[in-house]
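# Close look at the chain arrangement
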Amino acid sequence: MLARQNYMDELLAQRAQFIDTFYAVKANADESRRRLIACARLLVKKEHPFFFCTEFKAALDVLLLDTQMTKTQQLLMLQLYAVIHQNPQEIVDLVYKSSSVELQNSAPLLALLMDVDDDLLLVNHPETVVNNHLISAFYRHKWSLLSEFSVLYFPTATPLTQLYLKVLVDNKSLSKELITDFIHCDYLHSHLFELYIVRLDERQVTAIVNYLSRDEDNAGLIINVMALSGYSKFIPFLARYLQRKEHTLAAHHALRILLGESLDNFMPDAIQFAAEKMQRIQDFTYYGAKILHYWDSTLLPSVAARILSGQAITPENLATIWLDGSQAHRRMAAVHQTQFTQDYSAIYYACPEAVL
């Protein structure tokens, strides 16, 4: 059994490495899922203390004994248990009552991942549970639930929950001014911030970039905003960041998100993904200048105003990227899809390593 458990640990570690990268695609994620399920079934036959246990409350106690397991790995293990025992609703109900506060906080997202109906949204839940409920309701397009909750509880909600409601409930409240709320809540590196940025127009995003540019320490965040926004007008700015060694890796990631394989026309693939980090940093500075040189004559006429992986951001292109793109691009496609899907649930892929 130890060998099988070691194999499960290896699969979990492997997923954490490739699940949000440029070198893996949907087929890799699908194969990872198949191997995880197959391994879990073998562990049942070997009477593994977690997977073999048919009493989920006892199984959960076993899971929590492993203090080295990350939150995302716990979510994967719970989904695997649900596949084996066909009890997703029971799992979600008991996770809400878990002795682990971190697991309780994740219960609404676990319900979303396993497609279990989860309408329980109460103001007396802990703040993180409430906020994850709001994210779940947003992805499920439960607009009336979100609206009613906002009307009833917005005045008494915490500042962070109010920010969730401003971003998720009412498009009319979306504006560049919300950036100050994100700063005050220390929430600039959250999935909520991603959902906010992709729903703003070019003028609003530009205003946010200009606002953040007042502080040189915000360079990494600005690069992320440029990539998230999808606006191709930021490519020359990213090329300049590519020339600054302290930001070159982040700038390359952003350019690859925007341009996809089109970036290979300006930077050889072997250089972009060279194993030696310091060599990449040294090489990238040269190619930043090359991109700037060809921006007006070659790049500008060939790209749309808003792009992902070199394609205009449209529902059709996002669907294609979701099927055929790299894991990093698939994640970003799922984020952008939230601004288009009005009649059916959006794909939750904010944390790919937790999605079975």
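Scroll up to find the structure this text is about.
The rules behind each value
- Residues numbered from 1 in each chain as written.
- Predicted model: local features only at pLDDT ≥ 70, side-chain atom pairs only at ≥ 80, totals over all residues.
- Heavy atoms only, no water.
- Helix = DSSP H or I, 4+ residues; strand = E, 2+ residues; numbered from the N terminus.
- Buried < 20%, exposed > 50% of the residue type's maximum accessible area, 1.4 Å probe, protein only.
- Lys, Arg positive; Asp, Glu negative; His and termini not counted.
- Salt bridge = Lys/Arg side-chain N within 4 Å of Asp/Glu carboxyl O.
- Contact = heavy atoms within 4.5 Å.
- Axes fitted to C-alpha atoms, helices over the stretch in contact; angles between N-to-C directions.
- Parallel < 35°, antiparallel > 145°, perpendicular 65-115°, else oblique.
- Polar contact = N/O pair within 3.5 Å; in protein donor to acceptor, adjacent residues only side chain to side chain.
- Core = buried A, V, L, I, M, F, W, Y, C linked by side-chain atoms within 4.5 Å.
- Phe/Tyr/Trp six-rings, centres within 6.5 Å; stacked < 30°, edge-to-face > 60°.
- Lys NZ or Arg CZ within 6 Å of the ring centre and 35° of its normal.
- Left-handed = near helix turned anticlockwise from the far one by under 90°.
- Nonpolar A, V, L, I, M, F, W, Y, C, P; charged D, E, K, R; others polar.

Take the side chain of Arg330 next. Relative to the helices and strands, Arg330 resides in helix α19 (residues 327-337). We note that Arg330 is buried and unpaired, the nearest opposite charge coming from Asp30 at a distance of 5.9 Å. In contact with Arg330, not counting residues within four places along its chain, are Lys26, Ala29, Ile321, Trp322, Gly325 and Tyr349.

Right, let's get into unusual backbone geometry. A positive phi angle, near 55°, is found at Gln86, a position not held by glycine. Assignment of secondary structure puts Gln86 in the loop between α4 (71-85) and α5 (88-95). One non-glycine residue, Asp186, lies in the positive phi region at around 55°. Within the secondary structure, Asp186 is located in the loop between α10 (178-184) and α11 (191-197).

Looking now at the packing of helix α6 (residues 101-113) against helix α7 (residues 127-139). At a minimum axis separation of 7 Å, α6 and α7 run at an interaxial angle of 10°. In this view, α6 runs roughly parallel relative to α7, as classed from their interaxial angle. Side by side, α6 and α7 meet where Gln104, Asn105, Ser106, Pro108, Leu109 and Leu112 of the first sit next to Thr128, Val129, Asn132, His133, Ile135, Ser136 and Tyr139 of the second.

Glancing now at the side chain of Gln327. The topology assignment puts Gln327 in helix α19. Accessibility expressed as a relative area gives 0% for Gln327, which makes it buried. Of note is the side chain of Gln327, whose polar atom sits 2.7 Å from the side chain of Arg330. Among all residues touching Gln327, those that are not within four sequence positions of it are Phe18, Ile19, Asp20, Thr21, Ala24, Val25, Lys26, Ala29, Tyr349 and Pro352.

Turning next to helix α12 (residues 202-212). Here α12 has its buried residues at Gln204, Val205, Thr206, Ile208, Val209 and Leu212. Packed against the buried residues of α12 are α10, α11 and α13 (219-229). Two to three positions downstream of the cap, the backbone nitrogen of Arg203 sits 3.2 Å from a side-chain oxygen, assigning the N-cap of α12 to Asp201.

Within α13, nine of the eleven residues are buried, leaving the element largely enclosed by the surrounding structure. Listed in full, the buried residues belonging to α13 are Ala219, Leu221, Ile222, Ile223, Val225, Met226, Ala227, Leu228 and Ser229. As for α13, its buried residues are in contact with α11, α12, α14 (235-242), α15 (248-259) and α19.

On to the environment of Leu300. Within the secondary structure, Leu300 sits in helix α17 (residues 277-302). Taking the C-alpha atoms as reference points, Leu300 and Lys233, 67 residues apart in sequence, are found 8.3 Å from one another.

Counting 78 residues, the largest nonpolar core has Tyr196 and Ile291 as its most contacted members. A total of eight residues in this core trace back to one element, the largest contributor, which is α13. Setting aside residues no more than four positions away along its own chain, Tyr196 makes contact with Val167, Leu174, Ser175, Lys176, Glu177, Leu178, Ile179, Phe182 and Ile208. In this structure, Cys39, Ala40, Phe51 and Leu76 belong to the second largest nonpolar core, which totals 37 residues.

The next subject is the packing of aromatic side chains. Applying the stated criterion to the full structure yields 16 aromatic pairs. Ring centres of Phe138 and Trp143 lie 5.9 Å apart, and the angle between their planes is 75°; on these two criteria the pair is classed as edge-to-face. Summarising the aromatic geometry, the rings of Phe182 and Tyr196 are spaced 4.9 Å apart at their centres and angled 25° between planes, so their arrangement reads as stacked. You can see Phe182 sitting in helix α10 and its partner Tyr196 sitting in helix α11, a full 14 residues away along the chain. Relative accessible area serves as the criterion here: at 0%, Tyr196 is assigned to the buried category. One aromatic cluster is present, built from ring pairs that chain together Phe50, Phe51, Phe56 and Tyr81. Sitting over the face of the ring of Phe237, Arg240 holds its NZ or CZ atom 5.9 Å from the ring centroid. When the ring centre of Trp322 is taken as reference, the NZ or CZ atom of Arg330 above it lies at 3.9 Å.

Enumeration according to the criterion identifies eleven salt bridges in this entry. Residues Asp201 and Arg203 are paired through a salt bridge, measuring 3.9 Å at the closest nitrogen-oxygen approach. You can call Asp201 partly exposed: its relative accessible area is 33%. What makes Arg203 exposed here is its relative accessible area of 56%. Put simply, Arg256 and Asp264 hold a salt bridge, and the shortest N to O gap is 2.6 Å.

On to the packing of helix α2 (residues 26-45) against α4, then. Between α2 and α4, the least distance of the axes is 10 Å, while the angle of their chain directions is 65°. Classed by the angle they form, the pair α2 and α4 counts as roughly perpendicular. Like other packed secondary-structure pairs, α2 and α4 cross with a definite hand, here right-handed. Residues Leu36, Ile37, Ala40, Arg41 and Val44 of α2 touch α4, and the partners they reach there are Leu80, Val83 and Ile84. Looking at the contact of α2 with α4 residue by residue, the class counts come to seven nonpolar, no polar and one charged.

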